[in-house]
Amino acid sequence: MKRVITVQDISCVGKCSLSVALPVISALGVEAAALPTALLSTHTAFREFTYKELTQEIDPISRVFRRLKIGFDAIYTGYLGSIEQMDAIEQFVEQFKTDETALIIDPVLGDHGRLYKGFSSATVERMAKFINGADLIVPNLTEAAFMLGIPFTYDYDEEYIKDILKRLCALGAKRAALTGISFEPKKIGFYYYDSVSDEFSSYFNEKLMGTYLGTGDIFASTVTGSYIKGLSYFEALKLATDFSLECIKKTALDPDAREYGVNFEEALPMLVRRINK
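Residues numbered from 1 in each chain as written. Predicted model: local features only at pLDDT ≥ 70, side-chain atom pairs only at ≥ 80, totals over all residues. Heavy atoms only, no water.

Peer 1: I tried to follow the environment of Asp135 on my own but got confused; where do I start?
Peer 2: By the element assignment, Asp135 lies in the loop between α4 (121–130) and β8 (136–137). The exposure class of Asp135 is buried, given its relative accessible area of 8%. Taking the C-alpha atoms as reference points, Asp135 and Lys174, separated by 39 residues in sequence, lie 5.0 Å from one another. Contact partners of Asp135, with chain neighbours within four places excluded, come to Lys97, Thr101, Ala102, Leu103, Lys174, Arg175 and Tyr233. A polar contact is formed between the side chain of Asp135 and the backbone nitrogen of Leu103, at a distance of 2.8 Å. For Asp135, the side chain forms a polar contact with the side chain of Lys174, separated by 3.4 Å. (Helix = DSSP H or I, 4+ residues; strand = E, 2+ residues; numbered from the N terminus. Buried < 20%, exposed > 50% of the residue type's maximum accessible area, 1.4 Å probe, protein only. Contact = heavy atoms within 4.5 Å. Polar contact = N/O pair within 3.5 Å; in protein donor to acceptor, adjacent residues only side chain to side chain.)

Peer 1: Sorry if this is basic, but what is going on with the side chain of His43 here?
Peer 2: Among the secondary structure elements, His43 is positioned in the loop between β2 (31–42) and β3 (51–53). With near-sequence residues (within four places) excluded, His43 lies in contact with Ser11, Val13, Gly14, Lys15, Cys16, Phe49, Leu213 and Tyr260.

Peer 1: I'm lost on the pairing of strand β10 (residues 187–194) in this one. Help?
Peer 2: Consecutive side chains of a regular strand alternate in pointing toward one face of the sheet and then the other. The buried fraction of β10 amounts to six of the eight residues, a majority that puts the element mostly inside the structure. Relative to β10, strand β9 (residues 175–184) runs antiparallel, the two being bridged by seven bridges. The partner of Ala177 across the bridge, within β10, is Tyr192. Joining the antiparallel neighbours β9 and β10 is a turn of two residues. Sheet analysis places β10 next to strand β11 (residues 199–206), joined by eight bridges and oriented antiparallel. Pairing of Gly189 across the sheet is with Phe204, part of β11. Remark: four residues form the turn of the hairpin made by β10 and β11, two consecutive strands paired antiparallel; Asp198 in that turn has positive phi of roughly 55°. (Pairing = 2+ DSSP bridges.)

Peer 1: Please explain the pattern of salt bridges as it appears in this structure.
Peer 2: A side chain with one charge may pair with a side chain of the opposite charge, provided their charged atoms come close. Counted by the stated rule, this structure contains 15 salt bridges. With a shortest N-O distance of 3.1 Å, Lys15 and Glu265 are connected by a salt bridge. Here the residue Lys15 occupies a position in the loop between β1 (3–13) and α1 (17–27), and Glu265 occupies one in helix α9 (residues 264–275), the gap between them amounting to 250 residues. For Glu265, a relative accessible area of 39% corresponds to the partly exposed category. (Salt bridge = Lys/Arg side-chain N within 4 Å of Asp/Glu carboxyl O.)

Peer 1: Looking at this structure, I do not really get α9. What am I missing?
Peer 2: Side chains that are three or four residues apart share a direction in an α-helix, a result of its 3.6 residues per turn. Its twelve residues place the ends of α9 16 Å apart at the C-alpha level, agreeing with the 16 Å of an ideal helix rising 1.5 Å per residue. What α9 keeps buried is the set Phe264, Ala267, Leu268, Met270, Leu271 and Ile275. On the buried face of α9, the contacting elements are α1, α7 (215–229) and α8 (233–252). (Expected span 1.5 Å × (residues − 1).)

None of the figures reported here should be taken as evidence of function without further support.
What follows is the structure, given as structure tokens:
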């Protein structure tokens, strides 16, 4: 069985980061290993939460992995809360990435034109360097704009998106997929650029109204697990788009749905069926 290690925080309650990545990757038939970067009581959308940074544990864990000769078919990074964490994870990647190891980075920085709490221009600058060497990055348009140092806008066309993707790959990523792209009111999806083949592609599905927390983590986890399971990057991105929509639909039908995350658990059967086709 192939193994992915996912590097991000874990919340005791709240559907995001490792709480999403571990079950989604496992459902895809891939072993899900974890390198927690922080421990939270609840994720940061709750009005109260505790936060314990675990950056100091990364090197000791890495040493044990090396002594046990544990390897990974993919390294997938999500939310990284500080420059120091990015420094530590960069060292981890240098130690464990081989020519056969995929490096997939979700450069979590912000959304809707704003940075997340606690992030600064220095964080953005470090992330723009951190993505160098990635096999695939999956930023949203906000994160792409910040890393490129350009104004965020909702007013874009295909040529603008293609230019953004090329500029992201110029930072050192081999492939980039911009998520949350929409050219018409009822459709949303991604635009993808493979700098290795110099090819663009895109895919769109139904757009539902509302804001749903955690869908970015669901998307990135699905891409990673399904690529390691054997899909191409483009097919993995398509499956992630469809699964994210299914998760939102399940949540929208639930009168008791909670605001801290989508009902991805109820959508897992669809994911299993699709990956085993």
